[in-house]
Amino acid sequence: MARAGERTTSKARSEQRRTTASTERTSLVEAAHFVTATRDSGYRSTAYAVAELIDNAIQAEAHSVDVDVVHLDSATHPISIRVIDDGVGMDKVALSSVLAYGHSSRFNDRSSLGRYGMGLPNGPLSRARRVTVISWRGPSVYSTHLDVDEVIRNGQQSIDPVVSIERPGFLKRTTSGTAVLLDSCDRLEHKRPATVADHLGRELARIYRRFLASGLQLRVNGESLRPYDPMMLLPDGVTT
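Among the 8 residues of strand 1 (residues 64-71), 6 are classified as buried, and the element is accordingly described as predominantly covered. Bridging between strand 1 and strand 7 (residues 217-220) involves 4 bridges; their strand directions are parallel. Across the sheet, Val 65 pairs through a bridge with Leu 218, a residue of strand 7. Note: strand 1 against strand 2 (residues 79-85), 7 bridges, orientation antiparallel. Note on strand 2: the bridge partner recorded for Val 70 is Ser 80.

Below is the structure:
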């Protein structure tokens, strides 16, 4: 039977624990749950998810954007998607926060395509379990990534530091630009790379018809897109 002094001490310790718990700061977001939940954020198709990245490229003053659907030797996730532009690129500081949800150098800017800084991590992760961003200016090439499985497995609350890498061979031979890689794609509508590329080409030709008509070079697996104009409002639009 506990003595009165022991009961008093135990009660004091419990009260201290409650007081300590109430004053400790709690993370605003549970990262693993948040990243998993936002994967279901309502992108209608892979093309709309990829369009978030093309929007970013256009904002970065890109004249040329390549979307490559790559077949990988993998039984579980055999398709990777790369979106590569020749825009102004990012330095190490800018790249360090580009995959943070809500981060944007143009936050709430209504004059441009993006507004809240959710598209870059959200679009790719709605279709893939890992997104890698590579950006370069001159000879310096930097990389960062966000991996759903790493966040869940490690209880990760922050993005890994940006690293300097050797220039991959698939990057454009331009003085600056950005590449976004969608790997471990587990939510594509189609299983064959050629079918994914075909549907991407058709949807992106429609979404960006006005940009294409104004000179944007947009290619899917090396094939230049012409504006797809089902309403026949553009003089050179393709309608079939």
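What follows concerns the pattern of salt bridges. Note on pairing: side chains with opposite charge can pair once their charged atoms come close. Evaluation of the coordinates by the stated rule reveals 9 salt bridges. As a salt-bridge pair, Asp 149 and Arg 129 come within 2.8 Å of each other at their nearest N and O atoms. Here the residue Asp 149 occupies a position in helix 6 (residues 148-154), and Arg 129 occupies one in strand 3 (residues 128-137), the gap between them amounting to 20 residues. Residue Asp 149 is classed as partly exposed on the basis of its relative accessible area, which comes to 30%. The shortest N-O distance in the salt bridge between Arg 130 and Asp 147 comes to 3.2 Å. Separated by 17 residues along the polypeptide, Arg 130 in strand 3 and Asp 147 in strand 4 (residues 140-147) bring together distant segments of the chain. By sharing partners, the salt bridges in this structure join Arg 39, Arg 129, Asp 149 and Asp 186 into a single network.

Aromatic rings considered in pairs are described by the distance between their centres and by the relative angle of their planes. Scanning all chains against the criterion turns up 1 aromatic pair. Ring geometry for Tyr 208 and Phe 211: centres 5.9 Å apart, planes at 55 degrees, overall tilted. Just above the ring of Phe 170 sits the side chain of Arg 82; from NZ or CZ to the centre is 4.1 Å. Seen from the ring of Tyr 228, Arg 202 lies directly overhead, with NZ or CZ sitting 4.5 Å from the centre.

For helix 3 (residues 46-59), built from 14 residues, the straight-helix expectation of 20 Å at 1.5 Å per residue is met to within 8% by its first-to-last C-alpha distance of 20 Å. A large share of helix 3 lies buried, amounting to 11 of its 14 residues. Residues Thr 46, Ala 47, Ala 49, Val 50, Ala 51, Leu 53, Ile 54, Asp 55, Ala 57, Ile 58 and Gln 59 constitute the buried set of helix 3. Glu 61, located one to two residues past helix 3, shows a positive phi value of around 70 degrees.

With that settled, consider the nonpolar core. By size, the foremost hydrophobic cluster in this structure holds 47 residues, and its most contacted members are Ile 54, Val 67, Ile 81, Leu 200, Leu 204 and Leu 218. Contact partners of Leu 200, with chain neighbours within four places excluded, come to Thr 46, Ala 47, Val 50, Val 67, Val 69 and Ile 81. Ranked by size, the runner-up nonpolar core spans 7 residues in total, among them Ile 134, Trp 136, Leu 171 and Ala 179.

Spatial ordering of the open sheet is given by 5-4-3-6-2-1-7-8, a layout of 8 strands whose pairing is mixed. In this open sheet, the two strands that pair with only one neighbour each are strand 5 (163-164) and strand 8 (223-224). Each of strand 1, strand 2, strand 6 (176-185) and strand 7 touches helix 3; the most contacted strand, strand 2, lies at about 25 degrees to it.

In this section: the packing of helix 3 against helix 7 (residues 193-207). Relative orientation of the contacting elements helix 3 and helix 7 amounts to 55 degrees, with a least axis distance of 10 Å. As summarised for this structure, helix 3 and helix 7 are arranged oblique, according to the angle between their axes. Judged by the sense of rotation from one axis to the other, the crossing of helix 3 with helix 7 is right-handed. Contacts from Thr 46, Ala 47, Tyr 48, Val 50 and Ile 54 in helix 3 reach Leu 200, Glu 203, Leu 204, Arg 206 and Ile 207 in helix 7. Here the residues of the contact of helix 3 with helix 7 are counted per class, giving 7 nonpolar, 1 polar and 2 charged.

Cut-offs and rules
- Residues numbered from 1 in each chain as written.
- Predicted model: local features only at pLDDT ≥ 70, side-chain atom pairs only at ≥ 80, totals over all residues.
- Heavy atoms only, no water.
- Buried < 20%, exposed > 50% of the residue type's maximum accessible area, 1.4 Å probe, protein only.
- Helix = DSSP H or I, 4+ residues; strand = E, 2+ residues; numbered from the N terminus.
- Pairing = 2+ DSSP bridges.
- Salt bridge = Lys/Arg side-chain N within 4 Å of Asp/Glu carboxyl O.
- Phe/Tyr/Trp six-rings, centres within 6.5 Å; stacked < 30°, edge-to-face > 60°.
- Lys NZ or Arg CZ within 6 Å of the ring centre and 35° of its normal.
- Expected span 1.5 Å × (residues − 1).
- Core = buried A, V, L, I, M, F, W, Y, C linked by side-chain atoms within 4.5 Å.
- Contact = heavy atoms within 4.5 Å.
- Axes fitted to C-alpha atoms, helices over the stretch in contact; angles between N-to-C directions.
- Parallel < 35°, antiparallel > 145°, perpendicular 65-115°, else oblique.
- Left-handed = near helix turned anticlockwise from the far one by under 90°.
- Nonpolar A, V, L, I, M, F, W, Y, C, P; charged D, E, K, R; others polar.

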